[in-house]
Amino acid sequence: MSNKPTIIYTKTDEAPALATHSFLPIVKAFTGSSGIDVETRDISLAGRILAGMNDLLPEDQRVSDSLAELGELAKRPEANIIKLPNISASVPQLKAAISELQIQGYALPDYPEEPQTPEEERIRSLYNKVKGSAVNPVLREGNSDRRAPKAVKEYARANPHSMGAWTADSKSHVATMNSGDFRSNEQSVTLTGDTTLRIEHIATDGTATVLKDGIAGLAGEVVDSTFMSKSSLLTFLAEQVDDARTTGVLFSLHMKATMMKVSDPIIFGHAVRVFFRDVFSKYRAELDAIGVDVNNGLGDLLGKLDGLAPETRAALEADMQAVYANGPALAMVDSDRGITNLHVPSDVIIDASMPAMLRTSGCMWNAKGTTQDTKAVIPDSSYAGIYQAVIDDCKANGALDPVTMGSVSNVGLMAQKAEEYGSHDKTFELASAGVVRVVDSTGAELMQHTVEAGDIWRMCTVKDAPIQDWVKLAVSRARATGAPAVFWLDETRAHDAQLIKKVEQYLPNHELEGLEFPILSPVEATRFSLARIRKGLDTVSVTGNVLRDYLTDLFPILEVGTSAKMLSIVPLMNGGGLFETGAGGSAPKHVQQFEAEGHLRWDSLGEFLALAVSLEHVANRYQNPRARVLGSTLDDATTQYLLSNKSPSRRVGELDNRGSHFYLAMYWAQAIASQTEDAELATQFEGIAADLASNEATIVDELNAAQGSAMNLSGYYAPDEARAAEAMRPSATLNAIINAIG
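Small disclaimer: the values here were computed from a predicted structure and weren't measured. Numbers given to residues run from 1 along each chain, matching the order in which its sequence is written. Local features in a predicted model are, by the rule used here, given only for residues with pLDDT of at least 70; side-chain atom pairs are given and counted only at 80 or more, and totals for whole chains, interfaces and linings are based on all residues. Only heavy atoms go into the side-chain values, all of them from the structure, while hydrogens and water stay out.

## Topic: the overall build of the protein
Quick note on the threshold: Elements are defined by DSSP. Helices are runs of H or I of four residues or more, strands are runs of E of two residues or more, and each kind is numbered from the N terminus. Here the globule rule is a power law, 2.2 Å times the number of residues to the power 0.38, and the radius of gyration is based on C-alpha atoms. Using a 1.4 Å probe on the protein chains alone, a residue whose accessible area is under 20% of its type maximum counts as buried, one over 50% counts as exposed, and one in between counts as partly exposed. Note on contacts: a residue pair is in contact if any heavy atoms of the two residues lie within 4.5 Å. His is not counted, nor are the chain ends, whereas Lys and Arg count as positive and Asp and Glu as negative. By convention, the charge on Lys lies at NZ, on Arg at CZ, on Asp at CG and on Glu at CD.
Tallying secondary structure elements over the protein gives 26 helices and 24 strands in all. For the protein, the C-alpha radius of gyration of 26 Å lies close to 27 Å, the compact-globule estimate for 742 residues. With the principal axes as the frame, the protein shows a C-alpha extent of 80 × 65 × 65 Å. Within the protein, the proportion of its 742 residues that are buried is 58%. In the protein, 78% of the contacts between residues at least 6 apart in sequence involve partners at least 24 apart. In the protein, 67 side chains carry a positive charge and 96 a negative one; their mean positions are 2 Å apart.

## What about the pairing of strand 14 (residues 371-377)?
Threshold: Pairing between strands is defined by DSSP: at least two bridges between them are needed.
Within strand 14, five of the seven residues are buried, which leaves it mostly tucked inside the rest of the structure. Of the pairings in the sheet, the one linking strand 5 (residues 173-175) to strand 14 comprises three bridges and is parallel in character. Bridge assignment links H173 to a residue of strand 14, and that residue is K375. Pairing analysis gives four bridges linking strand 10 (residues 250-253) to strand 14, with the strands arranged parallel. Within the sheet, the bridge partner assigned to L253 lies in strand 14 and is V377. Here strand 13 (residues 363-365) runs beside strand 14; their pairing, made up of three bridges, is antiparallel. Bridged to C363 within strand 14 is D373.

## Considerations on the pairing of strand 18 (residues 445-451)
Within a regular strand, side chains alternate between the sheet's two faces. Pairing between strand 17 (residues 434-439) and strand 18: six bridges, direction antiparallel. Within strand 18, the position partnered with V436 by the bridge is H449.

## Points about helix 24 (residues 696-705)
As a reminder, the rule being used: By arc we mean the arc of the directions from the helix axis to the C-beta atoms, nothing more.
Inspection of helix 24 places I699, V700, L703 and N704 among the buried residues, and these make up the whole buried set. Viewed end-on, helix 24 has its buried residues packed into an arc of 125 degrees, placing them on one side of the element. In helix 24, those exposed residues whose orientation departs by more than 90 degrees from the buried face are A697, D701 and A705.

## So, the sheet that holds strand 17
Hydrogen bonding along the main chain pairs the strands of a sheet, whether they run parallel or antiparallel. Keep this limit in mind: Helix axes are fitted only over the stretch in contact, all axes being lines through C-alpha atoms; the angle between N-to-C directions runs from 0 to 180 degrees.
Judged by pairing direction, the sheet is antiparallel, and its four strands sit side by side in the order 8-7-17-18 without closing on themselves. Each edge of the sheet is formed by a strand with only one pairing partner; in this case those strands are strand 8 (208-217) and strand 18. Averaged over all pairs of adjacent strands, the angle between strand axes in this sheet comes to 15 degrees, irrespective of strand direction.

## A word on unusual backbone geometry
Omega for the peptide link from G327 to P328 comes to 5 degrees, which places this bond in the cis form. Within the secondary structure, P328 sits in the loop between helix 12 (310-326) and strand 11 (332-334). Positive phi, close to 55 degrees, is recorded for E14, a residue that is not glycine. Tracing the sequence through the fold places E14 in helix 1 (residues 14-31). Phi at S361 is positive, roughly 60 degrees, even though this residue is not glycine. Inspection of the secondary structure puts S361 in the loop between helix 13 (350-359) and strand 13.

## Comments concerning the sheet that holds strand 9 (residues 222-228)
Read from one edge to the other, the open sheet built from four strands follows the order 6-9-19-16, with strand pairing classed as antiparallel. Single-partner strands in this sheet number two, and they are strand 6 (187-190) and strand 16 (427-429). For this sheet, the mean inter-axis angle between neighbouring strands, taken without regard to orientation, is 10 degrees. Where strand 16 and strand 19 (residues 456-462) come together, three bridges link them in antiparallel fashion. Paired with T427 across the two strands is R458, which belongs to strand 19. In the packing of helix 16 (residues 494-506) onto the sheet, the strands contacted are strand 6, strand 9 and strand 19, and the crossing angle to strand 6 comes to about 25 degrees.

## Notes on the side chain of N143
Condition: Polar contacts here mean pairs of N or O atoms no more than 3.5 Å apart (in protein, one a potential hydrogen donor and the other a potential acceptor; neighbouring residues in sequence count only if both atoms are side-chain atoms).
Its place among the elements puts N143 in the loop between helix 6 (136-139) and strand 4 (144-147). Given the relative accessible area of 0%, N143 is considered buried. A polar contact of 3.1 Å, which involves the side chain of N143, links it to the backbone nitrogen of A415. Each residue touching N143, except ones within four places of it in the same chain, is listed here: G412, L413, M414, A415, P466, D469, W470, L473, I569, V570 and P571.

## A closer look at the packing of helix 15 (residues 464-481) against helix 16
Convention followed: Each angle gets one of four labels, with under 35 degrees taken as roughly parallel, over 145 as roughly antiparallel, 65 to 115 as roughly perpendicular, and the rest as oblique. The sense of a crossing depends on the near helix, which, turned anticlockwise from the far helix by less than a right angle, makes the crossing left-handed and, turned clockwise, makes it right-handed. Three classes are used, and their members are as follows: Ala, Val, Leu, Ile, Met, Phe, Trp, Tyr, Cys and Pro are nonpolar, Asp, Glu, Lys and Arg are charged, and the others, Gly among them, are polar.
For the pair helix 15 and helix 16, the least separation of the axes is 10 Å and the interaxial angle reads 55 degrees. On the basis of the axis angle, helix 15 is oblique to helix 16. With respect to the hand of their crossing, helix 15 and helix 16 are arranged in right-handed fashion. Residues D464, I467, Q468, W470 and V471 of helix 15 form the contact with helix 16, whose own contacting residues are L499, K502, V503 and Y506. Here the contact of helix 15 with helix 16 is built from residues that sort into six nonpolar, one polar and two charged.

## Topic: the packing of aromatic side chains
For clarity, the cut-off: Pairing of aromatic side chains requires ring centres within 6.5 Å, counting the rings of Phe and Tyr and the six-membered ring of Trp. Pairs whose planes differ by under 30 degrees are stacked, by over 60 edge-to-face, and all others tilted.
According to the stated counting rule, one finds 16 aromatic pairs in the structure shown. Ring centres of F30 and W668 lie 4.7 Å apart, and the angle between their planes is 25 degrees; this geometry places the pair in the stacked category. Of this pair, F30 sits in helix 1 while W668 sits in helix 22 (residues 657-674); the two residues are 638 residues apart in sequence, bridging distant segments of the chain. Taken as a pair, F30 and W668 share a single burial class, namely buried. With a centroid separation of 6.1 Å and 40 degrees between ring planes, the pair formed by Y387 and Y550 is classed as tilted. Of this pair, Y387 sits in helix 14 (residues 384-397) while Y550 sits in helix 18 (residues 545-560); the two residues are 163 residues apart in sequence, bridging distant segments of the chain. The two residues Y387 and Y550 agree in class, both being buried.

## Structural notes on the environment of G248
If you trace the backbone, G248 turns up in the loop between helix 8 (230-247) and strand 10. For G248, a relative accessible area of 39% translates into the label partly exposed. Along the backbone, G248 and Q372 are 124 residues apart, and their C-alpha atoms lie at a distance of 9.3 Å.

## Quick notes on the pattern of salt bridges
Pairing is possible between side chains of opposite charge, provided their charged atoms come close. For the record, the criterion: By salt bridge we mean one thing: a side-chain nitrogen of Lys or Arg within 4 Å of a carboxyl oxygen of Asp or Glu.
Taken as a whole and judged by the stated rule, the model has 40 salt bridges. Residues D242 and R277 are paired through a salt bridge, measuring 2.8 Å at the closest nitrogen-oxygen approach. You can see D242 sitting in helix 8 and its partner R277 sitting in helix 10 (residues 277-289), a full 35 residues away along the chain. Salt bridges here are not isolated pairs; linked through shared partners, they connect R198, E200, R437 and E445.

## Quick look at the environment of R41
With respect to the helices and strands, the residue R41 is situated in strand 2 (residues 37-42). Sequence spacing of R41 and L298 is 257 residues, and the spatial spacing of their C-alpha atoms is 35 Å. Side-chain polar atoms of R41 contact the side chain of E69, separated by 2.9 Å.

## A word on helix 8
Heads up, the condition is: The span you would expect from a helix comes to 1.5 Å times its residue count less one.
With 18 residues, helix 8 extends 26 Å between its outermost C-alpha atoms, agreeing within 8% with the 26 Å of an ideal straight helix rising 1.5 Å per residue. All of the buried residues in helix 8 are L233, F236, L237, Q240, V241 and A244. The arc enclosing the buried residues of helix 8, seen along the axis, measures out at 135 degrees, which places them on a common side. Those residues of helix 8 hidden inside the fold are in contact with strand 5, strand 9, strand 10, helix 9 (263-275), helix 10 and strand 14. Trailing helix 8 by a residue or two, G248 shows a phi angle of about 80 degrees, which is positive.

Set out below in C-alpha cells:
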C-alpha cells in the first residue's frame, strides 16, 4: 500500500466480480484527483486456492496471499477495505474450481476426498483451509452494523415488492429437534485467566486421542462445547420425512453448509441417506464402490451412476423413482431442470432460502413448478424458532406490508472469529464412542460430553474485547436511532447465559438515559420486532454471529425485497473500516444468465453504499474534505439512481448492471458539479457531467446492443480478465469519457 489514503477494493467471485470490471474504472476515475489510491486484492475462490497451494506450484504460477495480507491490514488503523460477496465454497464448488484452474494450466493436485497417504492428507488439509467461510473470519476484526439506508427504504415503500398472501390454514411450518442437538447439549464457561486449551477424546476402551491442542484462551473469553447426536438426528429426520408424506407438504432442508463447512455437510448427507433410505440400504456396497459421498448432496450420487453396471444402474434408478412416487414431494431449487432441495448443499442456504419461503406465503416450488405448503427442516434448534415465529405471525396477521412496515437493523457480534462461525477448526465427526473433554493448561477439565460414534462435536469461543465492543456499538446505534436495542439472548441456553452476564456487566459503563435494552430469547425478540414493524416502528437487533447472518437476510428481504441493498459497516477495533456490500446468494444465477444471454442483472447498489461510507472514512481519518464531498455526492447519486428506477432489469435488451453503472456515474458527476463545497472539483466535473448527459442515448444503445448472445469468459471461477473486462465495458463512448477523466 502507498502512504496516501488507500481504499482496498476486493476482487471476489461470480456476478460481483464481473460487475467490478465495469464499476471500478469509474471509481478510480472519479477519485483520482482527490489524493486517494484505489487498489485491488484478489480474495476470490480461485485466488485463495492458488495462494494456499503456493508450496506445490512452480514459481511462475505462485500468487500473493491477499487474504492473509488483508487480515493483517484489518488490525491496523489505516485499514479501509471494501469487501464484496465471495464464494464460501462447498466441496463440489472447490473441486470445480480446482478442475478449472487445472484446465488453465495450473499444476494443482486433485482434491483427495479420501486421502490414502500422508501427502494426500496434507493436500486435503491445505484445500480445506479454502473451504466454507474462509474469508470473513480473517477480515472481521470488528463487529457489524447493518441497516437499510433511508433512500433504499423510501424506494421500497414507493415501489413495494411482491409479498405472497397468507391464510390461517397454511400447513407450512418449521421442524426442529427438541433434544440431542447442538443447543440441547451445549456447555459454556468463561475463562478466569489466560490459558491454553486442549480437546481430547477418551474412547470407551481408555484410548486417548488429542483432537486439537495449543488453543490459546484469554481471561474473560467465553468457551462453548456441544455435539449433535447422530442417533437423535437420524430419528428426527426419519420422523420428518414420514410426517411430510402424511400431511402432504413439501419436504425441504435448510442448512448453512457453506459456512458451517464441517458439521452441516455431514448433516446434509444424513438427510439424503434418510430420505432415500431404501436405496442406500439396498445398494450400499455398490455406492461405496463408486465413491459416492452424499455429504456433497444427491448430485454426487447422480453424477457417479456411470460407474455402475448398466443393470445395477437401471435397478437403482427405478428404486429412486419409487421413492419419489411414494413421497413426500421434495422442494425444488429448479423445477425445470429437476434440481431438488437435496441435490447440492450450497444450493440451499438457510439465510436466503427461509426468507424466500416466507415471502412466498410459506411455500416453496414443487416438481410441477407450482408453489406448495412446505415443511422447513432445520435440525439444530438454536435459531430455528425465529422462522416459526414469523410463520405464526403471518398466519395470524397476514403478510407484512413493505409500504408501512418499520425496519430491523442489526448489531452483530462477529469480531475475531466469534461464536459458531469460528468453530471450523474445532469441529469433529467422532470415530468412536467415549468422552470428549476440554482441559486447560493445568489439566483441569472445563467441559465434557459423553458421545457415540458419528456424533458431531464442536467447540467455539468469543473473546471478551469483542463483547465489550459489541455492547458499545449497540449503545451507539440505540442512541443514533432512538429505537430499542434488543439483545437476542436466551437465558436458558448455556452460551447465552454467559453473554447475558457480560452484557449486564458492560452496559452500565455507558450513558444509557432514555435508551432501551431488552434482553429477550430469539423467539421472543422475533415476536417483539414483528409487532413493532407492523406498527411502522424501528428496532435494533443485537445478536451473535449466526443470528447476525440470518437476520440481515430475513428482515431486509421482507422489508426491501433483498439483502443486497443493506448498508454494512464493520468498525474495526483498531480504528480502521471494513465496508461490506451485501449478500451474494443470487450471484450464480446472474452469471448463468450472463453467460447464456449477455445480460447481467446483478445490482451494485451495495457497492455504491459501501463506497460512500468508505470515502467518508477517508475524510474523517485523513482530514480530506474532498473525500467527504465525493462520499456525500455519491449518496446523492445513489438516491437519484433509486428514485429514477435505474436498477438492472431481469430482461435481455433492457438496462443491466453495466447500464446501471452508467447512470450512477452520470448522477454522481452531476452531483459533484452542482455542489458548492469544492469549487475546483465542481469545475472539473461540469464537462464530465455534460458529456455523460449529452451521450446518454448513445451509451445506453451501445450497452444494450451488447446483450442477446452468449458470453464466453473462458472460466467461471477464474474467468479470463481481458475477456471479462471487454464484456463488461462494451460502450466505446462511455469508456472514452471515463478514461479521459484526469
